[in-house]
Amino acid sequence: MPIDASAALAAEPRRAEIGWDHKDVQLYHLGLGAGIPATDPDELRYTLESRLQVLPSFATVAGAGTAAFGGMGAPGIDVDLAAVLHGGQTVRVHRPIPVTGSAVQTSKVAAVHDKGKAAVIVLRTEASDGDGPLWTNDAQIFVRGEGGFGGERGPSDRLAPPERAPDRTVARPIREDQALLYRLSGDWNPLHADPAFAQTAGFDRPILHGLCTYGMTLKAVTDTLLDGDVSRITAYRTRFAGVVFPGETLRIRMWTGDGRIQVTVAAAERDDAPVLADTLVEHS
């Protein structure tokens, strides 16, 4: 059934009450590879409740795990989930996320773009607590075969890497069990755990969650260029350009600018195959 963009955009937002505490934050950080070495003071700010801070990318899993995709059930959105890909993700934080908290989260379709052979649905989730807005998530969902409905093509957010050497390059190994740990934060897709299911999807083994790579990258940037201070981050966006497998190594290249850090992420063992592209961290 073709996408009815008008109906999707006009639909009332879905509302949910969510909550989290320090255990949810610690589990999320451990799923990103935090805590190595376990006694490193710089790692304890991600793993020890008395020193805990919250990476802004936690907003993608807070309370409901895959809540960013709640808008896929909106009126006018009737698509084959086998044709759906998570194309990109943006998180904007309005203030630091508390270690323990509760919020009202609303989900809606913010935009529908017609790319010809495909559609891109922007699903927006906004969270607020008693002190005001906390974060805004935009998930860009690519739906193959659903374009051609006469809609606007939408903006292009492509970022070419600067024509100079990166200011910093770091390597981040992915543990063999990392996808198994990360999925405990709410994304139970068997693609990330079941070898037989992964093979039916065209992979010879389970792949890592894209949002795990997303969080790992933000942690690497924070620790490398922002003095480990998550409160400096105001926004973070990326485009998912390729898969990565547990056991591989992420090569993360960073270019600094005025309040901006541009990033590329590649799989080191596969000739630097692209993993994340058009990646930008905005900071104070």
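Analysis parameters
Residues numbered from 1 in each chain as written. Predicted model: local features only at pLDDT ≥ 70, side-chain atom pairs only at ≥ 80, totals over all residues. Heavy atoms only, no water. Helix = DSSP H or I, 4+ residues; strand = E, 2+ residues; numbered from the N terminus. Core = buried A, V, L, I, M, F, W, Y, C linked by side-chain atoms within 4.5 Å. Buried < 20%, exposed > 50% of the residue type's maximum accessible area, 1.4 Å probe, protein only. Contact = heavy atoms within 4.5 Å. Polar contact = N/O pair within 3.5 Å; in protein donor to acceptor, adjacent residues only side chain to side chain.

J.: Looking at this structure, how should I read the environment of Ser102?
T.: In this structure, Ser102 sits in strand 3 (residues 101-114). In the structure, Ser102 is positioned 83 residues away from Gly19 in sequence and 4.1 Å away in space, judged by C-alpha atoms.

J.: Sorry if this is basic, but what is going on with the nonpolar core here?
T.: A general trend in soluble globular proteins is that nonpolar side chains are found buried together. In this structure, Trp20, Phe58, Ile97, Trp135 and Ile252 are the most contacted members of the largest nonpolar core, which totals 49 residues. Considering every element that reaches this core, the biggest residue donor is helix 6 (residues 210-225), with 7 residues. Residue contacts for Trp20: discarding those within four places in its chain leaves Val25, Phe58, Ala62, Ile97, Pro98, Val99, Thr100, Gly101, Ser102, Ala103, Leu134 and Trp135. Ala5, Ala8, Ala83 and Ala119 belong to the second-largest nonpolar core, a separate cluster that totals 15 residues.

J.: Sorry if this is basic, but what is going on with the environment of Thr238 here?
T.: Tracing the chain through its elements places Thr238 in strand 7 (residues 233-240). Distance in space between the C-alpha atoms of Thr238 and Leu48 is 28 Å, their sequence separation being 190 residues. With residues near it in sequence (within four places) discarded, Thr238 still touches Gly88, Gln89, Gln140, Tyr214, Leu276, Ala277, Asp278 and Thr279. Of the polar contacts made by the side chain of Thr238, one reaches the side chain of Thr279; its length is 2.6 Å.

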